[in-house]
Amino acid sequence: MIKDKVVIITGASSGIGEATAKLLAGQGAKVVLGARRAERLAQIAAEITAAGGQAAFREMDVTLQSDNDQIVQLAHDRFGGVDVTFLNAGLMPNSMLSALKTDDWHQMVDVNVKGVLNGVAAVLPTFMRQKSGQIIATSSVAGLKAYPGGAVYGGTKWFLRDFMEVLRMESAMEGTNIRTANIYPAAINTELLSTIRDPGIAQTMQGLYDKYGIAPERIASVVAFAIDQPEDTTINEFTVGPANQPW
Ligand code: NDP
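What this report covers is the structure whose coordinates are included nearby. (Residues numbered from 1 in each chain as written. Predicted model: local features only at pLDDT ≥ 70, side-chain atom pairs only at ≥ 80, totals over all residues. Heavy atoms only, no water.)

Description of the site of the ligand
Inference 1: The environment of the ligand is made up of 30 residues, and the closest members are Ser-14, Arg-36, Tyr-153, Thr-190 and Tyr-209.
Inference 2: Look at the ligand: alone it shows 880 Å² of surface, and the protein chains cover 96% of it.
Inference 3: With respect to the pocket detection grid, the ligand is positioned in the largest pocket.
Inference 4: Those elements that provide at least two residues to the shell around the ligand are helix H1 (15–26) and helix H5 (151–174).
Inference 5: Along the lines of polarity and charge, the residues of the shell around the ligand split into 15 nonpolar, 10 polar and five charged. (Near = heavy atom within 4 Å. Areas by Shrake-Rupley, 256 points an atom, 1.4 Å probe, with all protein chains shown as cover. 1 Å grid on protein atoms, 1.4 Å probe; cavity = no way out; pocket = protein on both sides within 12 Å on 5 of 7 lines; lining within 4 Å. Sits in = over half its atoms within 2 Å of the grid points. Helix = DSSP H or I, 4+ residues; strand = E, 2+ residues; numbered from the N terminus. Nonpolar A, V, L, I, M, F, W, Y, C, P; charged D, E, K, R; others polar.)

Rendered as structure tokens:
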């Protein structure tokens, strides 16, 4: 059931997060949107409201634990609780290791790994108390396959494979009934490539996306499918991408 569920979405200001917010709100979810670009969030929330849906938003940086705590608080204050959190914020400034873009390495770890840890830490007390909840994360096919230029990005996404599986196992052992879903998208047309600062890698990736990329709504529908399963059912992993993309 999606209707009336309260769903927090990080990275909701564009791409996969925005598409998911609109799809879920259209199916009756109450969505709580977080990202750094507050004006984009305001616009998306206004569009959802104009279409008859319910949305709240908060400017947040997922690298800060306090921002993650406050968006959970916003969900409680506006909609009376949290049923699902979609930890989707991420960036991909790929480069060869030899370029030593260490600031980018650290930023990817801070957002793609620590951002998820912060999001889980913020919501777990609620989910443990109510003995239900769902945590969905956006990994990547880069979390399943290694490729040159993607050592650190891929590492952050491989991390999610382990983390989400252990979260699922521990929740089952402890009887907290927290459902998990980890999504591994391939080429999806969003703003993600704008985070690549290396011109050569940016051009190669753009060529790949121009050839194969599909719309973020495809991922949104998978998130909706995961949420819509009966409460006793976890579908833990989805690999989703263009039918014609060979890698
Ligand atoms: P976008 O660039 O369109 O979206 C990324 C989102 O993350 C934006 O809303 C951005 O918002 C947010 N974000 C980035 N840094 C932070 C931060 N510090 N705090 C809060 N929010 C942040 O790209 P996608 O929609 O493609 O990316 C969504 C997820 O999908 C990412 O985790 C990405 O790694 C993953 N993914 C994407 C694929 C693709 O082909 N597009 C393939 C595989 C995985 P703002 O800048 O406003 O903060």
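Focus: H1
Inference 1: Helix length check: H1 (12 residues) gives 17 Å between terminal C-alpha atoms against 16 Å at 1.5 Å per residue, within 8%.
Inference 2: Taken across its 12 residues, H1 has nine buried, putting it largely inside the fold.
Inference 3: Residues Gly-15, Ile-16, Gly-17, Glu-18, Ala-19, Thr-20, Ala-21, Leu-24 and Ala-25 constitute the buried set of H1.
Inference 4: Positive backbone phi, at 95°, marks Gly-28, one or two positions downstream of H1. (Expected span 1.5 Å × (residues − 1). Buried < 20%, exposed > 50% of the residue type's maximum accessible area, 1.4 Å probe, protein only.)

Overview of the packing of H1 against helix H7 (residues 217–228)
Inference 1: The N-to-C vectors of H1 and H7 enclose an angle of 50°; their axes lie 8 Å apart at closest approach. By the angle between their directions, the pair H1 and H7 is classed as oblique. Read as a crossing pair, H1 and H7 show a hand that is right-handed. On H7, the residues touching Ile-16, Ala-19, Thr-20, Leu-23 and Leu-24 of H1 are Glu-217, Ile-219, Ala-220, Ser-221, Val-223, Ala-224 and Ile-227.
Inference 2: In the contact of H1 with H7, the residues fall into nine nonpolar, two polar and one charged. (Axes fitted to C-alpha atoms, helices over the stretch in contact; angles between N-to-C directions. Parallel < 35°, antiparallel > 145°, perpendicular 65-115°, else oblique. Left-handed = near helix turned anticlockwise from the far one by under 90°. Contact = heavy atoms within 4.5 Å.)

Let's talk about the packing of helix H3 (residues 65–79) against helix H4 (residues 102–130)
Inference 1: Following both chains from N to C, one finds H3 and H4 inclined at 40°, their axes separated by 8 Å at the closest point. For the pair H3 and H4, the sense of crossing is right-handed. For the pair H3 and H4, contact is made by Gln-65, Asn-68, Asp-69, Val-72 and His-76 and by Gly-115, Asn-118, Gly-119, Ala-121, Ala-122, Val-123, Thr-126 and Arg-129, respectively.
Inference 2: By residue class, the composition of the contact of H3 with H4 is four nonpolar, seven polar and two charged.

Looking at the sheet that holds strand E1 (residues 6–10)
Inference 1: The strand order E3-E2-E1-E4-E5-E6-E7 describes an open sheet built from seven strands, whose pairing is parallel. What marks the edges here is a single partner per strand, and that holds for strand E3 (54–59) and strand E7 (237–240). Put simply, the sheet's adjacent strands are angled 15° from each other on average, direction ignored.
Inference 2: Two strands pair when backbone bridges link them, and E1 and strand E4 (residues 84–87) are joined in this way by three bridges, in the parallel orientation. Residue pairing for E4: Ile-8 is matched across the bridge by Thr-85.
Inference 3: Running over the sheet, helix H2 (residues 38–50) touches strand E2 (30–35) and E3 and is turned about 175° from E3.
Inference 4: Along the sheet face, H4 touches E4, strand E5 (133–138) and strand E6 (178–185) and points at about 175° away from the line of E4. (Pairing = 2+ DSSP bridges.)

Observations concerning the layout of surface pockets
Gaps left between atoms show up when a probe the size of a water molecule is rolled over them.
Inference 1: Counted as a void, the largest pocket has a volume near 960 Å³.
Inference 2: In terms of lining residues, the largest pocket is bounded by 44 residues, among which Gly-90, Leu-91, Met-92, Tyr-153 and Leu-192 are the most central.
Inference 3: Of all the elements in the fold, those that place two or more residues in the lining of the largest pocket are H1, H4, H5 and helix H6 (199–212).
Inference 4: For the lining of the largest pocket, a count of residues per class yields 22 nonpolar, 15 polar and seven charged. (Points joined across faces, edges and corners; volume = space filled by probe spheres on them.)

A word on the pattern of salt bridges
Inference 1: The final tally for this structure, using the stated rule, is 11 salt bridges.
Inference 2: Across the salt bridge formed by Asp-4 and Lys-3, the nearest N and O atoms sit 3.7 Å from each other.
Inference 3: Owing to a relative accessible area of 48%, Lys-3 belongs among the partly exposed residues under this scheme.
Inference 4: With its nearest N and O atoms 2.9 Å apart, the salt bridge here joins Glu-47 to Lys-22. Here Lys-22 lies in helix H1 and Glu-47 lies in helix H2, a separation of 25 residues in the sequence.
Inference 5: Take Glu-47: its relative accessible area is 36%, and that puts it in the partly exposed class.
Inference 6: Exposure remark for Lys-22: the relative accessible area of 30% places this residue in the partly exposed category.
Inference 7: Salt bridges here are not isolated pairs; linked through shared partners, they connect Lys-5, Arg-179 and Glu-231. (Salt bridge = Lys/Arg side-chain N within 4 Å of Asp/Glu carboxyl O.)

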